[in-house]
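Spelled out, the chains give:
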Amino acid sequence: MMQWTIQKLLAWITEYLTKNKVDAPRLSAEMLLSHVLGLKRIELYTQFDQIVEKDTLDRLHGLVKRAGLHEPVAYLVGRTEFYSLEMEVAADCLIPRPETELLVQRAIEFLRTREGKQHVCDLCTGCGCIAIAIAKNHANAHVVATDISDKALAVAARNVEKHGLQERVELLCGDLFDPLVPHLDATQWDLIVCNPPYVSAAEYEALDKNVKDYEPKAALLAGEDGLDIYRRIVEKIDRFLKPDGALLLEIGYAQGPAVRELVERTALFSTITVEKDNQNNDRVVTARRTTVSQDSPPADRSV
Ligand code: GLN
């Protein structure tokens, strides 16, 4: 009888996933195999010749078959990596995308320009990846994260705990800013970040099977043109953002001009930038609120 070693399995799964046109077949094979064996990915290579037992093979086989049908591997193994942090994921929340790391990077850079406790609000937090990555990388950040899905927030709560951030990341269930209203007397926010649903109706129909058939529709689709949530955010932003605060939004690959216009129309922001990700797609809008005080003369920059 053929003995299946880790090495042989990796080769076989990679080939099977490649044949079934699954993205990143080698990485997916490593994730599935390390998951069933309870090993780190690197340990697969240090234990290449280890023979895998029958019951583990059976479990693996079921998962590989599902992956071959384009069920996302992150859901199959229940976790993914974001900003070098392990995040639990489940079908109730969107799988964190690498592009979203740019938003986190800009958030941390903004916070580093400021002194003292920073109030950060993360709307549509999902599994909590943005809130957690910010809090983990900026000790002064106190984050309130909201989501309309209590199921997504249950995943976020486990991630907050896993990273020991219960003191600095608070999760509230409700639509966008709604759960923040009771806090409003005490707090306005230094930084508001959001990776909302932003897929248009036409784009939604054309999404890859692994996204469309498995990820939550409510986390992706945002009305006919994909801009619904941005409209609702900018409508309320004045009340929630400090006079010198910043708004950071993740956007779809071609939404730069439309979202810039929506933000511009508020007339609240002194600078608005649209950045592309490393695939050359529009990805992050940064809007800085005006800091010039109305009652004091402009600072003399020459001295
Ligand atoms: N970028 C994601 C995708 O294309 C969409 C994420 C979102 O709507 N926030 O699948």
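What counts and what doesn't
- Residues numbered from 1 in each chain as written.
- Predicted model: local features only at pLDDT ≥ 70, side-chain atom pairs only at ≥ 80, totals over all residues.
- Heavy atoms only, no water.
- Near = heavy atom within 4 Å.
- Polar contact = N/O pair within 3.5 Å; in protein donor to acceptor, adjacent residues only side chain to side chain.
- Areas by Shrake-Rupley, 256 points an atom, 1.4 Å probe, with all protein chains shown as cover.
- Nonpolar A, V, L, I, M, F, W, Y, C, P; charged D, E, K, R; others polar.
- Buried < 20%, exposed > 50% of the residue type's maximum accessible area, 1.4 Å probe, protein only.
- Helix = DSSP H or I, 4+ residues; strand = E, 2+ residues; numbered from the N terminus.
- Pairing = 2+ DSSP bridges.
- Contact = heavy atoms within 4.5 Å.

Engineer: So what about the site of the ligand? Which residues, and what values?
Structural biologist: Around the ligand, the neighbouring residues are L94, R97, N195, P196, P197, Y198, V199, A219 and L220. Take N195: an N or O atom from its side chain is 2.9 Å from a nitrogen atom of the ligand. Here P196 contributes a backbone N or O atom positioned 2.7 Å from a nitrogen atom of the ligand. In the complex, 86% of the free accessible area of the ligand, which totals 300 Å², lies under the protein chains. Along the lines of polarity and charge, the residues of the shell around the ligand split into seven nonpolar, one polar and one charged.

Engineer: Which residues make up the pairing of strand β2 (residues 85–88), and what values go with them?
Structural biologist: The two faces of a sheet get side chains in turn, since along a regular strand they alternate between them. What you see with β2 is a clean split: L85 and M87 sit on the buried side and E86 and E88 on the side with no burial. A loop of two residues connects strand β1 (residues 79–82) with β2, the two strands running antiparallel in sequence, and Y83 in this loop sits at a positive phi of about 50 degrees.

Engineer: Let's hear about the side chain of T14: which residues, and what values?
Structural biologist: With respect to the helices and strands, the residue T14 is situated in helix α1 (residues 6–19). Owing to a relative accessible area of 14%, T14 belongs among the buried residues under this scheme.

Engineer: Outline the environment of Q118, listing residues and values.
Structural biologist: Within the element layout of this structure, Q118 appears in strand β3 (residues 118–123). Sequence-wise, Q118 and E205 are 87 residues apart; in three dimensions their C-alpha atoms are separated by 40 Å. Apart from the residues within four sequence positions on either side, Q118 is in contact with L111, H138, N140, A141, H142 and D190. In terms of polar contacts, Q118 uses its side chain to reach the backbone carbonyl oxygen of E115, at 3.0 Å. A distance of 3.3 Å separates the side chain of Q118 from the backbone oxygen of G116, its partner in a polar contact.

All quantities given are derived from atomic positions and should not be read as evidence of function.
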